[in-house]
Every structure is written in structure tokens, then in C-alpha cells.
Amino acid sequence: MAGRPGPSRRRAAGRALLPAVLLCLCCRAAPERIRYAIPEELGRGSLVGPLARDLGLSPAELPARKLRLSAEKQYFSVSGENGNLYVSERLDREQMCGESPSCAVSFEALVQNPLNVFHVDVAIHDVNDNAPAFSKAALHLDIAEFTSPGARFLLEIAEDADVGSNSQLTYQLSSNPSFSLAVKESPGGKTQPELVLERALDREKQSSFELVLTAVDGGDPARSGTVQVRVNVTDANDNPPVFSKSVYEARVRENLPPGSPVLRVRATDADAGSNARVSYSFGNVPDGVRALFSVDSESGEVRTAGPLDFEERSKYSFGLEARDGGGLTAHCEVQLEITDENDNAPEITVLSVSSPVPEDAPAGTVVAVVKVRDRDSGENGQVSCELSGEAPLSIVASSGGSYKVVTASALDREQAAEHRVTVVARDGGSPALSSRTALVLEVSDVNDNAPVFEEAAYSAYVAENNAAGAPVLRVRARDADAGANGRVSYWLAGGSAGAAPYVSVEARSGAVYAQRSFDYEQCREFAVAVRAQDGGAPARSSTATVRVFVLDRNDNAPRVLWPAAGAGAEAAAGAGPFEVVPRSAEAGYLVAKVVAVDADAGRNAWLSYELVQAPEPALFRVGLHSGEVRTARAVSERDAAKQRLVAVVKDHGQPALSATATLHVVLAESLQEALPELSERAADADAPAELQFYLVLALALLSALFLLSVALAVVARVRGAGPPAVLRCLGAQRFSVAGAAFPADFCEGTLPYSYNLCVAPGRAVAEGAWLPPPLPSLPAEELLGGEPCGKPSPSSSAGAGEPPADADAPQVGKPARSRSSPRAFPSRRPLFPGASRGGGAGAALGRVPARERRHARALRLPLNALSHRKVRVAP
């Protein structure tokens, strides 16, 4: 091969460049294959073609599509700004493709988003950048002096590394009257120069000749090479050697070891002696041929000298020369064909891998592009590819020996975060050769999973009176996604009415905390909905129900309903309710019932009663669970008339809480007997105060009556009329028609017993008031009444149904029922012996002794109250 091109060669390349560039611009890309053609020896940075435009890409799309090239050797590069294809390395066609008539460089253009591959072929056109060259600087010929004119002598063929017309040679010989030049076509299609003897030689006149042989190629401009031809006139050697064949052909397997025989050439010489001795050698052959083959100079056997590789070169053609002892030569051509063997395994090149791939990528998405190449030919170069490994991937053949790895079905990162497959390429040789390469495909997460709670419903049990901020429970939801898509936050999403202020949830941990102290008596259970939401876009969520049950604690002491808490102090002062027990009562006589309730639940609300204080411990007992106070034995005359009983009510909580109830009992056969005992202390304590009160009251009343009388008299005199109608009240119904007032009882709710208490009217009646006419008498049974709660008694209805005739008479309404006033002691017999079923209240008052009246006045009881069966001493 010639050295670097001179100025003339560069001018020739410039002239050849213009049509080649025009050819590039006119080239259009077929689907997935782009073809360009350029001349060799273009400088670096020379434009090859608008690759991006031919692929249908605009300059604005280039950053996103990431256009790049994939090739074994980067002869070209693509611009990231405009997408044009440029030359990046020196292109020497002779070095790249040798003697091949066509030369092209193939590579792949890859684009991303989506991934695709395009095959690009760039044809390299030959430029006449190599001059013809001879292997020897001088050719030596020995011609006998007696050689007849017209004899022909073969000359060495010049070699031109170019191809096509640039390698077609013509020969010229320097002018000489004894010699001329002739050419003939060799079997290989080359021009063979021959030296022709024009006239007889005379060694004695001239023993040698100096000639110049010139070889000119067919390029534009043409290039040439020369060699010196030295002719030596010798003594008689009439016959040159003659080969048995002008062309020797053989087929040789590649990979033969060095020294293996290839073929044998044979030449004969008709002369005798030393002139008939023939030796063999290479003619004008490249150095590469001499490195691969050798010829035995004596036998003419051609052997291998180096390794033969079909993939590098499949044919060799070279000349051999036979020379006799007299210097005469003969030439023949050897043509060798190298046969292929399956000595190359397929080569796998991963052109591109799109990893990671989103898990929601549809089936058929290209995830990788690989190129498989087998340098062998025929069946040995036919390659099939397959995937090895369990993965939802498949491989699809593409053009130009490329394969696409695509998704065969939907991907699920939660089942497999990555897929490892092996691309196996196997040729069709025998035995078959294969190669493998591993592909690792990562699957990126998509928010396709909502958080899932470990339980659909949670239950928590919290004792009441807990501290605010105390942990209740922890909810946990798991999200199979990764990263932000799997990061779960918790929120309250609602719940039962009024439950929201009770608890809060920590957003990151899912811990549920109490917002305030719980009270079992106010709220025994509530439910809230907790939402778990991931951090994806759009976010996914799920909810779970948290039901909180409040456990009771013994934080409420029993509350005594009867006797009331203040009744004990009032009775001790002689003004509260009391129970009258006849002295004739036997053992088991029901004195009263202690009624208590507990706001707690369960064992904390189980109540037990115990008598802790009594003047006569053996006289009374209280039911452990019923609270009924009964006589433990018969009442005797020796027992004190006044008994103060203290009962304790305890619950069964831990620790137990209790309350006390004080009950006053009077041992007497009748109320008249009990009144002295009750009035002694009250009379002594209230006498000065009551006297002063009555004096002031009497003085006020007298003054008011005096002023009223004066006013009425003045009015009557002025009008000259009779007494005013307002004074008629003094002649008609001068008494109170108020009946007994009945406070509310505790028959409502869960209390098993009810007590009725009759009290005097709210207004005190003066001792000198007119006595009312006889009222309808009711039986004691009806007065003591088993009247149901909320129904008025007949006596109350009768007394309230007749309004007073006088407008100035005091008006008293129906007896009021109070929920806060417990019923007083029930009497078992009439208080006065004279009171009977048929007698009226006036008759009964007429039989009240004077002593009893004094006691009643001391206790501030109206006289008509003594006719009732139940009495409450008003303060």
C-alpha cells in the first residue's frame, strides 16, 4: 500500500467528494434502515448526512429521545444539537475492506422514550489514492544470445490497492530498438506485461540492457509506478521452464496448523544440465501472502505458514515463478479458497437497556435491544436467540441481526422488584456454538396498591379516668408499594357522634391517644374511623374502624335517696321526718327502707347495707342487700322512745366506697305519744325566737287591719252606701280550704319502695281562725294510699275542686308532689281514737285534747293537720 496521499491525491479526493455528498443528500431511509454513501479519506468532522431528520426527529426532540450510536468501532458520531452524522475517524477503504469490491460500515442508531433501534449503512466509495507498485525495485532477465526474435518474456505484474477502474493498469516500456512491450489477459482478469525480443542479440556487441517498465492505473488523475528491467545477454539456454498449469486452484480449511500442505506446482525445462534445473519462488505478492504461505524452492509444494481465518479473508490469489539454471523463468497463478468452519461463537452486544421499567408498562414494551453477530458463514453463521429464566419477558427478532426484548405480560413490582434473564444465542453449526449474556431489568414502582390495615376493625379497652394523652392502641397499615408510594400517614376520618374530640391519631406511627379523660358514666363506648393514606400521586387510602370500650372504675360512692342527706340533721333538731314504730311491733316489723343508688356498673354498683350505730343494737337489723330496716325482736317498754340509727351503704369496688344514712325512729303507739318527745327540744330552742316573731307579726296584722278599716269607712261614707262587698268575706267561709300537700315519691325509676308524705299547707293558720266545716271523710286506707305515682288522690281532688266563696280567702292549690322530699313514716292506726271512717275532720278536731293542741302549736302544726294519718312537722 502506498504512503500518505500527496497534493494530487487530495485534489482527486476533492473532485470525487462532490458527487458523493450529493448522493448522500438524495438518500432516503427505508423503515428502520438508513443508508449513506461517502468517499474514503474524508477529514474528521465531515458531514455524512442529516440522521435525525431522516429518522423523523426534530431538533427539539433530541434531548428527550437521546439519539446515540452503537458500533464496534466508532468511525462516526452524531451531533446532540442538530442530529447530523459526522466523520470521527480517518476512513481508509483499503485498510477497512481490503480487495472487496464493495465496502460499507454498519452500525445502529438508538433512540429512547420509547426505545427503538435503526440500522445505518454507510458505503465507503474508493478514491484513487494508491499508485501501482512493483514488489521489486528491479527485474533481472537472462536472455541467450541465440534467442530468436519474437520471443516473449513475462514481466512482474504491478499491484494497485484500489478497486474498480482505479486498479485497472496499463503498462509502458521505455524506448529500445531490441525490445517491445506486449500485454495479455491473465486468467484472474489482470493484465500481464511481456517483454518481446524484436531482433537478434549479440553478446559480443552488447551484453546487457537497461529498460524502464511503467504501470499506470485508470484513475482520474491517473497514478503510476515504475520498475527497472535489466536484461543480461547470456550464452545459449534455449528452453524456459513450463508449468503444467497456468492456474492452480485449491480449497483449504481455515484453522489449519502451520506447515500443513496446500498444493504442489510443477514446471519442466527441456534443456539439460544446469539449464534444466528449476527452482520455485513467489512472484510479486503482498507481504501478507508471504506471512501465510510458503513454497518449497525444490519441490514447488505450497504450505501454510500462519493461521488462516475465513472471517478475515476467504480467497487468496498469488503468482509463483519457476526459474531454470540458465535464468529463464515461467509464471503461474495460485488461487486458494478458504472454507469456513464453525469456530466462532455468536457475539452478543447489548445496545440499550431501559431500566428501570414502570410496572404499569403495557405488554410489548421494548426494554432492551441486543445485537447478535456470528462471523461464520452459511449455517455456521445462522443464529437463533432465546431467553433463559423465569420472567414476563420475550425476545423478538428485528432486522440486521438485532433482537428486541419486550414485556410479554403485565409487570408487578410487588411480586418481583427485578427480573434476571439470560440471552442465549446459538448458531446452526455442528457442533453448535452458543454464547450467553445476562440482563437485569429493574421494575420501578407505581402507586397501584392502597394501604391495607392489619385488621379491618380494632377494639381497645380503656379504663375510665385515664390521663389525657394516654395511648389507647396502635393501628398499622402496610402498603406494598415502595418509596413515597408506600409511605403511610394516618388521619381520623369520622366516627360515632361526639367521638372525634375523644381521641387523636399520630400521622406517622398510627398511635391513637386519648384527648381527655374518659367517664364511663357519660360514655361507655365510641367508634372512630382511621384513614391510612399513602404518599403517591394520586394518593390511595383505606379506612379501619377503631371501637373504644370504656371500662368502669369505682369512682362513684353510693348516693342515699332515702332518708335524704339533710333529713338526719332536721330530725335531730326535731323538725325532720321520723318513723313511728308501735311498741306492740313484733320481730320482723318493717320500719323503713334505706334506698341508695350507685352510678357505677357491675360489681362497682353492687350495694350492701350494714347497721353501724344504734342505741339498741339488738332491736333493729338491716337487710344486707335490700336495705330494709326491720325489728330484730319485739319492742319492749324498756326501749328508749327515740332511736337514732346509722346505716352504711358500701359498694363492691376496689377500693370500696360508702355512704351513710341516718334514720330517726320513735317508739310510740300513736303520734300523740310521740309529739312530747319531739317537741321538747324544739320548744326549748325556739321559744324566744317564736315569741318575738309572733309579736311582730300580730302588730303588723293589727296595723294593716286598722288602716284597711279606716280606708273602707271613709269610702263608704263618701259614697253613702252600705258596707263594701269586700267586708263580706268576714261573714262567709272564714277558713282555709287547703288540703294536705303530697310531695313526690320515689316510685319512679328502679327504687322498689315508695313513701308518701303529707305536709301542712305552706301558709300557717292562726290559732283563732275559724274552723272549717266538716270535710268529706276518707278511709285511712285511701289516705295512706296505694295510689299510683302521678295520680292525684281523691281527697286532694275534692279539696281543690271547690274554690272559696270569698275572694279574700286564702287560696291553696292542689297538693304538690316533690321529687326531692321523701315520704315520711307511715302510721298503722288512727292518731285519735275518735276518728273513724265515717267521721269528718271537724269532729276529730273536737275530740283533740288540750294538751295535744298545745304540742301542735309548739310544733307549728295547724289544728286541722292532726286529723290526717301522716304528719310532717313543719319548721
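In what follows, the structure referred to is the one given above.
This report concerns the structure included in the present document. The structure presented is a predicted model; accordingly, all values stated were derived computationally and were not measured. (Residues numbered from 1 in each chain as written. Predicted model: local features only at pLDDT ≥ 70, side-chain atom pairs only at ≥ 80, totals over all residues. Heavy atoms only, no water.)

Looking at the nonpolar core
Part 1 of the argument: Core analysis: the largest hydrophobic core is formed by 29 residues, its most contacted members being F243, L263, V265, F293, F318, L320 and L336.
Part 2 of the argument: When contributions to this core are tallied by element, the ones reaching two or more residues are β16 (247-253), β17 (261-264), β19 (279-282), α5 (287-292), β20 (293-295), β22 (315-323) and β23 (329-339).
Part 3 of the argument: Per element, the largest residue contribution to this core is 5 residues, and it comes from β23.
Part 4 of the argument: Setting aside its immediate chain neighbours within four residues, L320 contacts F243, V265, S281, F282, G283, V295, V302, A330, H331, C332 and V334. (Core = buried A, V, L, I, M, F, W, Y, C linked by side-chain atoms within 4.5 Å. Buried < 20%, exposed > 50% of the residue type's maximum accessible area, 1.4 Å probe, protein only. Helix = DSSP H or I, 4+ residues; strand = E, 2+ residues; numbered from the N terminus. Contact = heavy atoms within 4.5 Å.)

Here's the deal with the environment of V302
Part 1 of the argument: Take V302: it is sitting in strand β21 (residues 301-304).
Part 2 of the argument: According to the relative accessible area criterion, V302 is buried, its value standing at 0%.
Part 3 of the argument: Between the alpha carbons of V302 and V334 there is a distance of 9.5 Å; along the sequence they are 32 residues apart.
Part 4 of the argument: Those residues in contact with V302 that sit more than four places away from it in its chain are S260, P261, V262, L263, F293, S294, V295, F318 and L320.

As for the packing of aromatic side chains
Part 1 of the argument: In this structure the tally under the stated criterion is 14 aromatic pairs.
Part 2 of the argument: Here the aromatic rings of F179 and F209 are separated by 5.1 Å at their centres, their planes lie at 75 degrees, and the arrangement is edge-to-face. Of this pair, F179 sits in strand β11 (residues 179-185) while F209 is found in strand β13 (residues 208-216), placing the two residues 30 residues apart along the sequence.
Part 3 of the argument: Ring plane angle 75 degrees and centroid distance 5.4 Å describe the contact between F293 and Y316, whose orientation is recorded as edge-to-face. Placement of F293 in strand β20 and of Y316 in strand β22 is noted, with a sequence separation of 23 residues between them.
Part 4 of the argument: Among the aromatic residues, those joined into a ring-pair cluster are F282, F293, Y316 and F318. (Phe/Tyr/Trp six-rings, centres within 6.5 Å; stacked < 30°, edge-to-face > 60°.)

Description of the state of the cysteines
Part 1 of the argument: This structure, assessed with the given rule, holds 1 disulfide.
Part 2 of the argument: Between the sulfur atoms of C97 and its disulfide partner C103 the distance amounts to 1.8 Å. Across the S-S bond of C97 and C103 the torsion is about 60 degrees, and the bridge reads as right-handed. (Disulfide = S-S within 2.5 Å.)

Considering the sheet that holds β16
Part 1 of the argument: Spatially, 4 strands are ordered β16-β23-β22-β19 in an open sheet, and the strand pairing comes out mixed. Two strands bound the open sheet, and with one partner strand each, they are β16 and β19. Sheet twist, expressed as the average angle between the axes of neighbouring strands with direction ignored, equals 30 degrees.
Part 2 of the argument: When β16 meets β23, the two strands line up parallel, connected through 7 bridges. Following the sheet pairing, V252 is matched in β23 by I338. (Pairing = 2+ DSSP bridges. Axes fitted to C-alpha atoms, helices over the stretch in contact; angles between N-to-C directions.)

Quick word on unusual backbone geometry
Part 1 of the argument: With an omega dihedral of 5 degrees, the bond running from S355 to P356 counts as a cis peptide bond.
Part 2 of the argument: Along the polypeptide, P356 turns up in the loop between β24 (347-353) and β25 (357-358).
Part 3 of the argument: Going from A537 to P538, the amide bond is cis rather than trans, its omega being 0 degrees.
Part 4 of the argument: Position of P538 among the secondary structure elements: in the loop between β39 (525-534) and β40 (541-551).
Part 5 of the argument: You will see that N255, though not glycine, has its phi angle at about 70 degrees, which is positive.

Overview of the sheet that holds strand β4 (residues 76-78)
Part 1 of the argument: The strand order β2-β5-β4 describes an open sheet built from 3 strands, whose pairing is antiparallel. Two strands lie at the open edges of the sheet, namely β2 (47-49) and β4, each paired on one side alone. Going from strand to strand, the sheet's axes swing by 35 degrees on average, the running direction of each strand aside.
Part 2 of the argument: Both β2 and strand β5 (residues 85-87) contribute to a ladder of 2 bridges, which runs antiparallel. Bridge pairing in β5 places G49 opposite L85.

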